[in-house]
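Architecture and fold: a report
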Amino acid sequence: MHKYANPAQFNRLADRLLPWIKGLLILTLSYGLYSSIFIAPEDYQQSATSRIMFIHVPSAWMSMLVYMVMATASFTALVWKHPLAYLGAKSAAPIGALFTAAALLTGALWGKPTWGTYWMWDGRMTSVLVLFFLYLGYMAIWSTMDDEEKAGKASSILALVGVINIPIIKFSVDWWNGLHQGASIMKAKGPSMPSEMWVTLFIMFFAFQFYFALMFLWRMKTEINAKKIAAYRQARIAEESR
Amino acid sequence: MTSPSLSYIFSMIFKRDTKLAWSQGGSGTLGLSFFLIASSLFPFGIGADPNLLQDVSVSIIWIMALLAGLLSLDRLYQVDFEDGTLEEMMISPIGVTGVIIAKSLAHWVNSIVPLILFAPLLGVLYFLPDQAFGALILSLLVGSPALSFIGSIGASLTLAVKRGGVLLALIILPLYIPTLIFGASVVKNAISGLDYYPELSILGAVTLVSMVIAPIASKAALKLALE
């Protein structure tokens, strides 16, 4: 695992991966968007508003997935002291916060025409809101602590404590019967919707994942380069003061 | 010379924190005053309609208890950290975990238990029905230790930050939500004459889980701050 601890090696790997990820993102996103608008059937009750689903559901999945990426990276950082893991968790957080905000926002826009309200304090929505707050707290630690090393460890601890919210989000629709509908895709008997619908959903999900991978690698590279510049500056200052 | 027993060290830390909390400028009286004054502001803001006040009473008492506890949290480790006492405590035979549990427990007893004692008074001011008083006290007793223990995580994480009070609130308040939900729902069930034991047991579970997780996370954070 420490093979890619060397930032230069990581950068080389990232540069090799990035064109592929970009290509796959363009492919899946363009087909996914086309399919969401023209191929997938409209819901028999909700007509065209059901198409919000193709943005909303993948965003919601990604909000949890990115949190798990962040928590895993934090765990790796704390336990094995992997030098890039801190940067990985730090780079993932704003993207996760963005997905969570997107899930909340599209949920509100979908809720108004179908449920008649933008927001309801039910288990699913509330726990996703908490997830958003956890992302904010995580990023706040990074931005308020001057010492990078300490900020990394402190935020990792918070990220791990917050993992407890993820199963709560997952099972909230089973535990509390609020407005939010129950599971309709990950069911034992298979998805309860036409195949064009869930295929589109999965393609959009992959598109969102490639988007995450792209942003993630970019942010990692930026973080590494920023560190390099900082190190270079310090060396310059040390040289000049000699 | 024989080293003092663990329970002796534990009780010394506990007593010391208690003395500090109730001495001049300590957090005990301040937190309690904040709890009473801030809670009595709501009727001025939302009007004196007894039915309305009764509806919101539980939530206000619970939220105010949570905020009053938060007030004293940033001093949980801060003062001892600054003058080096914390480091001394941590190398004592009781260990870091022992220090964390002693201090969190002292925070609960000094900053939150007084609020529980005064909660019935607020209940009267908010026209809480008679059958709900027991549930209010019970819910606070069962749920509020979680506030101190979860708070310990935030207090230790923000130790290395100058003026970390706002950051502390940002980190801790989301983690308080489960306690608040189940704590308030116990009393709401009692008001409408329903069985509240399921909610009470979940509330107890939240407290117990926080008592397990918080010392582990706080320990990592304290070691980090003292590095």
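Scope of this entry: the structure provided in the associated data block. (Residues numbered from 1 in each chain as written. Chains lettered and ligands numbered in written order. Predicted model: local features only at pLDDT ≥ 70, side-chain atom pairs only at ≥ 80, totals over all residues. Heavy atoms only, no water.)

**What to know about the overall build of chain A**
What counts, and what does not: Numbering of helices and strands starts at the N terminus; helices are DSSP runs of H or I of at least 4 residues and strands are runs of E of at least 2. Accessibility here uses a 1.4 Å probe with only protein chains present; expressed as a share of the type maximum, an area under 20% marks a residue as buried, one over 50% as exposed, and anything in between as partly exposed. Here, residues are in contact when the closest pair of their heavy atoms is within 4.5 Å. In short, Shrake-Rupley with a 1.4 Å probe defines the accessible areas, and a residue's cover is counted only from the protein chains shown.
Counting its regular elements, chain A contains 7 helices and 0 strands. Ordered by position from the N terminus, the helices and strands of chain A form the series α-α-α-α-α-α-α. Within chain A, the fraction of its 242 residues that count as buried is 45%. By sequence separation, contacts in chain A at least 24 residues apart represent 77% of the contacts at least 6 residues apart. Put simply, chain A shows about 12,800 Å² of open surface, and 67% of that area lies on carbon and sulfur atoms.

**A few points about the interface of chain A and chain B**
We count it as follows: A simple way to read buried area is as the amount of 1.4 Å-probe accessible surface that goes missing from two parts once joined, with both sides added. Each salt bridge in this description consists of a side-chain nitrogen of Lys or Arg and a carboxyl oxygen of Asp or Glu lying within 4 Å of one another. Within 3.5 Å is the distance limit for a polar contact, defined as a pair of N or O atoms, with the added protein rule that one can donate a hydrogen and the other accept it, and that residues adjacent in sequence qualify only through two side-chain atoms. Three classes are used, and their members are as follows: Ala, Val, Leu, Ile, Met, Phe, Trp, Tyr, Cys and Pro are nonpolar, Asp, Glu, Lys and Arg are charged, and the others, Gly among them, are polar.
On the chain B side, the residues contacting the 17 residues of chain A number 19 residues. In total, about 1,600 Å² of surface goes out of reach between chain A and chain B, with carbon and sulfur atoms giving 85% of it. The three residues of chain A that bury the most area against chain B are Lys150, Ile157 and Val161 of chain A, which together make up 30% of that side's buried surface. Where chain A packs against chain B, one counts 0 salt bridges. Our enumeration of links across chain A and chain B arrives at 1 residue pair in polar contact (both at pLDDT 80 or more). Of all the secondary-structure elements, those providing two or more residues to the side of chain A that touches chain B are helix H4 (123-144) and helix H5 (148-162) of chain A. Ranked by the residues each element gives to the side of chain A that touches chain B, the list is headed by H4 of chain A, at 8 residues. For the side of chain A that touches chain B, the per-class residue count stands at 13 nonpolar, 2 polar and 2 charged.

**Considerations on the side chain of Thr117 of chain A**
All names here are of chain A. Relative to the elements of secondary structure, Thr117 occurs in the loop between helix H3 (83-115) and H4. Relative accessible area serves as the criterion here: at 19%, Thr117 is assigned to the buried category. From its side chain, Thr117 meets the backbone oxygen of Trp119 in a polar contact 2.8 Å long.

**Examining the side chain of Asn110 of chain B**
Looking at the element boundaries, Asn110 of chain B is found in helix H6 (residues 95-125). A polar contact is formed between the side chain of Asn110 of chain B and the backbone oxygen of Ala106 of chain B, at a distance of 2.8 Å.

**What to know about the packing of H6 of chain B against helix H7 (residues 133-157) of chain B**
Residue and element names in this part refer to chain B. Put simply, the rule is: To obtain each axis, a line is fitted to C-alpha atoms, and for helices this fit is confined to the stretch in contact; angles are then taken between N-to-C directions over 0 to 180 degrees. These descriptions rest on fixed angle ranges, namely under 35 degrees for roughly parallel, over 145 for roughly antiparallel, 65 to 115 for roughly perpendicular, and the rest for oblique. Two helices crossing with the near one rotated counterclockwise from the far one by less than a right angle form a left-handed crossing, whereas a clockwise rotation gives a right-handed crossing.
In contact at an axis separation of 8 Å, H6 and H7 are set at 150° when each is read in the N-to-C sense. Judged by the inter-axis angle, H6 sits roughly antiparallel to H7. Note on packing geometry: the crossing formed by H6 with H7 is right-handed. Listed contacts from H7 to Ile100, Ile101, Ser104, Leu105, His107, Trp108, Ile112, Ile116, Ala119, Pro120, Gly123 and Val124 of H6 are Phe133, Leu136, Ile137, Leu140, Leu141, Ser144, Pro145, Leu147, Ser148, Phe149 and Ser152. For the contact of H6 with H7, the per-class residue count stands at 17 nonpolar, 6 polar and no charged.

**Quick word on the packing of helix H2 (residues 53-80) of chain A against H3 of chain A**
Residues and elements named next belong to chain A. It is at 7 Å that the axes of H2 and H3 come closest, and there the two elements cross at 155°. In terms of orientation, H2 lies roughly antiparallel with respect to H3. The crossing of H2 and H3 is left-handed. When grouped by side-chain class, the residues that make up the contact of H2 with H3 number 18 nonpolar, 10 polar and no charged.

**Some thoughts on a nonpolar patch on the surface**
Filter applied, for reference: Patch membership requires more than 30% relative accessible area and the absence of a salt bridge. Residues of like charge join within 9 Å; the nonpolar side chains Val, Leu, Ile, Met, Phe, Trp and Tyr join within 5 Å.
A cluster of nonpolar side chains, contributed by Tyr31, Tyr34, Ile37, Phe38 and Ile39 of chain A, occupies part of the molecular surface with about 530 Å² of accessible area. Position of Phe38 of chain A relative to the elements: it lies in helix H1 (residues 7-39).

**Concerning unusual backbone geometry**
The phi dihedral of Lys81 of chain A is positive, around 55°, even though this residue is not glycine. Within the fold, Lys81 of chain A resides in the loop between H2 and H3. Judged by its relative accessible area of 52%, Lys81 of chain A falls in the exposed class. For Phe127 of chain B, which is not glycine, the phi torsion reads 60° and is therefore positive. With respect to the element layout, Phe127 of chain B can be found in the loop between H6 and H7.

**Some words on the environment of Ser39 of chain B**
Residues and elements named next belong to chain B. Mapped onto the fold, Ser39 is located in helix H2 (residues 27-46). Placed 26 residues apart in sequence, Ser39 and Ala65 show a C-alpha to C-alpha distance of 9.2 Å. What Ser39 contacts, discounting residues up to four positions off in sequence, is Phe34, Met64, Leu122 and Tyr126.

**Observations regarding H1 of chain A**
Residues and elements named next belong to chain A. Here is the rule we go by: Fitting one axis to the seven residues ending at a residue and another to the seven starting there, the bend at that residue is the angle between the two axes.
The largest bend in H1 is about 30°, located at Leu17, with the proline Pro19 one to four residues further on. Every buried residue of H1 is listed here: Phe10, Asn11, Ala14, Leu18, Ile21, Leu25, Thr28, Gly32, Ser35 and Ser36. Among the structural elements, H2, H3 and helix H7 (195-240) are those in contact with the buried residues of H1.

**A closer look at the pattern of salt bridges**
Residue and element names in this part refer to chain A. Summed over the entire model, instances satisfying the criterion amount to 8 salt bridges over all chains. Between Lys90 and Glu148 there is a salt bridge, with its nearest N and O atoms 3.8 Å apart. Taken together, the residues Lys90 in helix H3 and Glu148 in helix H5 connect sequence positions 58 residues apart. For Lys90, a relative accessible area of 19% corresponds to the buried category.

The quantities given are spatial measurements derived from coordinates; they are silent on function.
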